[in-house]
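# Geometric and topological summary
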Amino acid sequence: QVQLVESGGGLVQAGGSLRLSCAASGRTFSSGTMGWFRQAPGKEREFVSRISWSGSGSSTYYADSVKSRFTISRDNAKNTVYLQMNSLKPEDTAVYYCAAKKVGSTSYEYWGQGTQVTVSS
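The text that follows walks through the structure, step by step, so that each part is easy to find. If you're wondering where the values come from, they're calculated on a predicted model, not measured in any experiment. (Residues numbered from 1 in each chain as written. Predicted model: local features only at pLDDT ≥ 70, side-chain atom pairs only at ≥ 80, totals over all residues. Heavy atoms only, no water.)

## Some words on the state of the cysteines
Keep this limit in mind: Cysteine sulfur atoms are paired as a disulfide whenever they come within 2.5 Å of each other. A run of H or I in DSSP counts as a helix once it spans at least four residues, and a run of E counts as a strand once it spans at least two, with each numbered from the N terminus. A simple rule labels every residue: compare its accessible area, found with a 1.4 Å probe on the protein chains alone, to the largest value its type can have, and call it buried under 20%, exposed over 50%, or partly exposed in between.
For the structure on display, the rule yields one disulfide. Here Cys22 pairs with Cys98 through a disulfide, and the sulfurs are 2.0 Å apart. Taking the torsion about the S-S bond as the criterion, the Cys22 to Cys98 disulfide, at about -85 degrees, is left-handed. Placement of Cys22 in strand β3 (residues 18–26) and of Cys98 in strand β9 (residues 94–102) is noted, with a sequence separation of 76 residues between them. Like Cys98, Cys22 is buried.

## Focus: the packing of aromatic side chains
This is how the line gets drawn: Two rings belonging to Phe, Tyr or Trp (six-membered ring only in the last case) form a pair when the distance between their centres is within 6.5 Å. Interplanar angles under 30 degrees mark stacking, angles over 60 mark edge-to-face geometry, and anything in between is tilted.
A complete count under the given rule lists five aromatic pairs for this structure. When the centroid spacing of 5.7 Å and the interplanar angle of 75 degrees are considered together, the rings of Phe37 and Phe47 count as edge-to-face. One end of the pair, Phe37, is in strand β4 (residues 32–39); the other, Phe47, is in strand β5 (residues 46–54), with ten residues separating them in the sequence. By relative accessible area, which is 11% here, Phe37 ends up buried. Taking 5.0 Å as the distance between ring centres and 50 degrees as the angle between the ring planes, the aromatic pair formed by Phe37 and Trp111 counts as tilted.

## Let's talk about the pattern of salt bridges
Quick reminder of the rule: Salt-bridge detection follows one rule: a side-chain nitrogen of Lys or Arg within 4 Å of a carboxyl oxygen of Asp or Glu.
Scanning the entire structure with this criterion turns up three salt bridges. The closest approach of N and O atoms between Arg38 and Glu46, which form a salt bridge, is 2.7 Å. Linking Asp92 and Arg69 is a salt bridge whose minimum nitrogen-to-oxygen distance equals 2.8 Å. Of this pair, Asp92 sits in the loop between β8 (80–85) and β9 while Arg69 sits in the loop between β6 (57–62) and β7 (70–75), placing them 23 residues apart in sequence. Accessibility assignment for this pair places Asp92 and Arg69 in one class, buried. A cluster of three or more residues bridged by salt bridges with shared partners is formed by Arg38, Glu46, Arg69 and Asp92.

## Re the sheet that holds β8
Neighbouring strands of a sheet are bound in pairs by backbone hydrogen bonds; such pairs are parallel or else antiparallel. Our working definition: Two strands qualify as a pair provided that DSSP identifies no fewer than 2 bridges between them. Between the N-to-C directions of two axes lies an angle of 0 to 180 degrees, each axis being a line fitted to C-alpha atoms and, for a helix, fitted only over the stretch in contact.
Strands sit in the order β1-β3-β8-β7 across an open sheet of four strands; the sheet is antiparallel. The open sheet has two edge strands, β1 (2–7) and β7, and neither has a second partner. For this sheet the average axis-to-axis angle between neighbouring strands, irrespective of direction, equals 15 degrees. In terms of strand pairing, β7 meets β8 through six bridges, oriented antiparallel. The partner of Asp75 across the bridge, within β8, is Thr80.

Here it is as structure tokens:
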């Protein structure tokens, strides 16, 4: 079992920056994917970004809405994934969730509790 805990959310002005962290504990895997999702009130959960890793390296992917503004990274030593969010917009306001899956999984198996990000005008 993998436990994920998000942190770093808060209130920030439009144009500001925020860095979210997702700390993983429990079982770890040598390869897999961790991603960030977000959900605003009244809206469906949407994909934000993901990072996949294996013995050969890692790769990242971003939703078009956040590409060039957000950066996902992973600290292997701390078993933590980060989401650096720059140039934040009010429409980025949502609860941000961290998720993880193994390479053999078709969907994300593990989810954090979420952290609130509020971007004011």
